[in-house]
Amino acid sequence: MTEEEQPRAAADWEAPLTQADIDAAISHNRSEYERLLALDAEVAAGWIDYVARAERLERQY
């Protein structure tokens, strides 16, 4: 990522996730999501939020 792309990437990270972003992250990481969900739903929600944002940035850059 170039220096010019960094501010846009930061804004993209903060942008609300779509249901498609979340569904894609869950489908790519289903076993880990289910493991965390069994332990603590709040932890699983935070983890999938992070993963969905990271995957969205990977697709864009």
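Our subject is the structure listed above.
None of these values were measured; they are calculated from a predicted model. (Residues numbered from 1 in each chain as written. Predicted model: local features only at pLDDT ≥ 70, side-chain atom pairs only at ≥ 80, totals over all residues. Heavy atoms only, no water.)

**Description of the packing of aromatic side chains**
Moving on, step 1. This model, assessed by the stated rule, comprises one aromatic pair.
Moving on, step 2. Look at W13 and Y50: their rings are 5.4 Å apart centre to centre, the planes differ by 70°, and that puts the pair in the edge-to-face class. Linking W13 in helix 1 (residues 5-14) with Y50 in helix 4 (residues 41-60), this pair joins segments that are 37 residues apart in sequence.
Moving on, step 3. According to the relative accessible area criterion, W13 is partly exposed, its value standing at 23%. (Phe/Tyr/Trp six-rings, centres within 6.5 Å; stacked < 30°, edge-to-face > 60°. Helix = DSSP H or I, 4+ residues; strand = E, 2+ residues; numbered from the N terminus. Buried < 20%, exposed > 50% of the residue type's maximum accessible area, 1.4 Å probe, protein only.)

**A short note on the side chain of E55**
Moving on, step 1. Relative to the helices and strands, E55 is located in helix 4.
Moving on, step 2. Buried charge without a partner: E55 forms no salt bridge, and the closest opposite charge is R59, 4.5 Å away.
Moving on, step 3. A polar atom in the side chain of E55 sits 3.1 Å from the side chain of H28.
Moving on, step 4. Here E55 is in contact with A24, A25, H28 and N29, once residues within four sequence places are set aside. (Lys, Arg positive; Asp, Glu negative; His and termini not counted. Salt bridge = Lys/Arg side-chain N within 4 Å of Asp/Glu carboxyl O. Polar contact = N/O pair within 3.5 Å; in protein donor to acceptor, adjacent residues only side chain to side chain. Contact = heavy atoms within 4.5 Å.)

**Focus: helix 2 (residues 19-28)**
Moving on, step 1. Turning to helix 2, its buried residues are D21, A24, A25 and I26.
Moving on, step 2. Looking at the packing, one finds that the buried side of helix 2 touches helix 3 (30-39) and helix 4.

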